[in-house]
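# Coordinates in review
Here is how the chains run, residue by residue.
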Amino acid sequence: MVADLAPRDRWSDVVSGLCVAGLLLPEAVAYSGLAHLPVGHALMALVVGLAIYAFSGRSRFAIVAPTSSTAALLAAAALSIAGGFSGESALHYAQVVMALTLLCGVMLMVLAFARQGQLSSFISRPVLKGFAFALAITIVVKQMPDALGFDLPSTVRSDPFNVFVYVATHASTWHLPSVAIALTAAAMILALRRWPKIPASMLVIVLFISAAMGFDFAAMGVREIGEISIAAIQPTLPHLPWAEWMHAGELAFGLVMLVFAESWGSMRTMALAHGDPLDANHELMVLGACNAGAALLQGMPVGAGFSATSANSAAGAVSKKSGLFALLVIVLAIVFALPLLKYLPRPVLAVAVISALWHALSIQPMLSIWTMRRDRTLLVGAIFAVLLLGVLNGMLVSIGLSVLDALRRFSQPVVHELGKLGSSRDFVDVNAHHGASATQGVLILRPEVPLFFGSAERVMLEILKLSSARDQLNTVILSLEESADLDSTAVDCLMELRLGLHRMEKTLLLARVKTVVRDLLAHCDPQELGSQERMFWSVADAADFAAARLTPATSG
């Protein structure tokens, strides 16, 4: 509650709210353009996202609003269904947007109900960073015609490479007054960045709206946004054929992964920096509610973008009340100042978009990954997937790269042999510790990956290979410390491993068996692997049992 805050903290939230509102209003106008939607859709989504999260979310700094990534991905997905966004196709396009946003919200809430908040981890950070970098390049390049005051010919392909080449090689088409206005706005925003508590983009927009009203920029050929009206919006469901609902459901999956991965990354970064606890499943549910609410009121997808969330923290926010203050300012601006936006020069809006995305163009996060000599393929693959295949296909390829990399790592049959460390009861990798020695007649192995359908068969084949190559061996101990649970494939492979070792007159014992796995094996194979004589809580207990009691002639 606001009353619970000290006066100084309350004032900090007020200042932060003003700064955030100054960032969100121009972003909403810009991102509606990215999504090929009237501004009213973005403003409604902005109001709904801020309101629901302020009352239900738990992050002190998260600002839930339309983002550049979701706007670009939404446009690509909606166009693939609707086929166009103007003329007679405009109404159909808006219905598809509503359907995608609603499905995104419902899917997020279903995942939260199933407690699948960890799914955001399946888009790895290198992939997310590469995607964000390539998306920022794409959006910035596509803002250049507006910033320079000319239209691209219909014959020029819309991918960033062709747009950049055309802009760079057709300087004669640049509109000099527009260029001058864009450069002036950029210089002013850069100068104001020295004071992070000043809403630089909003201040520059207000100044240029005032200047446009006084100097009539339109008479100079500088294009303006034009009339903005918000029609009466009431809760409604999208009306689409069943086939298009099915197609939208397929495309909404990429939107779900992007919204949650981007939002959770922003929330978690701030939570770790300030020592705040956060529950991924709760945030997943709230994000779902924000998107479902926005869809029912004809809004566009929302998420906790890094730029607005980090700006809220940098401006000195101390509680979620900064989001409420931002909401109040935005509602007042919509009610009293929205008609004035028609005077905003398009070059200034393009500069505001570029400014909002400037942090995403930093190569420092990618250089840190590159210097680690890890995940380089994921990083480069995500960048080129977006630049060459477009936002939608690039996003799907990026998700695929993350999943394939996870499967590759999990399925590698990394099996280490363990030995006793001196006179202790510790068993460690014999190849990494010179003081570790193997137990006579006993082979102790530890898979370094969890056993599941993607890894179990390869791990079992590796164990059989190592066992057959060892002379005078009567017992194999398998440490399952990496496996918190087993799927049916892993259980089948364990039973097949027991039979394979039995044919070689060797006994299989299991160590470090978790309670869940212990109960599962007791149910599936009670007489053999699930018996108390084959499962041990520690490797040392299993090794002692093997040394004292097992012989090659009595086990099976």
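Before reading further, recall that the structure is shown in the block above.
In this report, the structure presented in the accompanying data block is examined. (Residues numbered from 1 in each chain as written. Predicted model: local features only at pLDDT ≥ 70, side-chain atom pairs only at ≥ 80, totals over all residues. Heavy atoms only, no water.)

### Some details on the packing of aromatic side chains
Scanning the entire structure with this criterion turns up four aromatic pairs. Relative to Tyr166, the ring of Phe150 has its centre 6.3 Å away and its plane inclined at 40°; by these criteria the two rings are tilted. Of the two residues, Phe150 is situated in the loop between α5 (125–148) and α6 (160–169) and Tyr166 in helix α6; the sequence distance between them amounts to 16 residues. With relative accessibility at 7%, the residue Phe150 sits in the buried group. Centre to centre, the rings of Phe260 and Trp264 are 6.1 Å apart; their planes meet at 25°, and the pair counts as stacked. With Phe260 and Trp264 both in helix α9 (residues 242–274), this residue pair falls four residues apart, about one helical turn. (Phe/Tyr/Trp six-rings, centres within 6.5 Å; stacked < 30°, edge-to-face > 60°. Helix = DSSP H or I, 4+ residues; strand = E, 2+ residues; numbered from the N terminus. Buried < 20%, exposed > 50% of the residue type's maximum accessible area, 1.4 Å probe, protein only.)

### What about the pairing of strand β8 (residues 507–511)?
Each regular strand shows side chains that alternate between the opposite faces of the sheet. Most of β8 is tucked away, with five of its five residues classed as buried. Burial of β8 is two-sided: the residues Thr507, Leu509 and Ala511 facing one way and the residues Leu508 and Leu510 facing the other way are all buried. Summarising the sheet, strand β7 (residues 475–479) and β8 pair through five bridges and their orientation is parallel. The residue of β8 that forms the bridge with Ile477 is Leu509. Between the parallel elements β7 and β8, the chain passes through helix α18 (residues 488–503) in a crossover that is right-handed. In terms of strand pairing, β8 meets strand β9 (residues 535–536) through two bridges, oriented parallel. In the strand pairing of β9, Ala511 is matched with Phe536. (Pairing = 2+ DSSP bridges. Right-handed = clockwise from strand over helix to strand, strands pointing away.)

### A closer look at a nonpolar patch on the surface
There is a patch of nonpolar side chains on the surface, built from Trp370, Val380, Phe384, Leu388, Leu389 and Val397 and spanning about 550 Å² of accessible area. Element by element, the count of residues in the nonpolar patch is highest for helix α15 (residues 376–389), at four residues. Checked against the element boundaries, Leu388 lands in helix α15. By relative accessible area, which is 64% here, Leu388 ends up exposed. (Patch = residues over 30% accessible without salt bridge, like charges linked within 9 Å, V, L, I, M, F, W, Y side chains within 5 Å. Areas by Shrake-Rupley, 256 points an atom, 1.4 Å probe, with all protein chains shown as cover. Salt bridge = Lys/Arg side-chain N within 4 Å of Asp/Glu carboxyl O.)

### Digging into the environment of Thr236
Counting through the fold element by element, Thr236 comes out in the loop between α8 (200–215) and α9. For the pair Thr236 and Gln298, spaced 62 residues apart in sequence, the C-alpha separation works out to 7.7 Å. Setting aside residues up to four positions removed in sequence, Thr236 forms contacts with Met98, Ala295, Leu296 and Gln298. (Contact = heavy atoms within 4.5 Å.)

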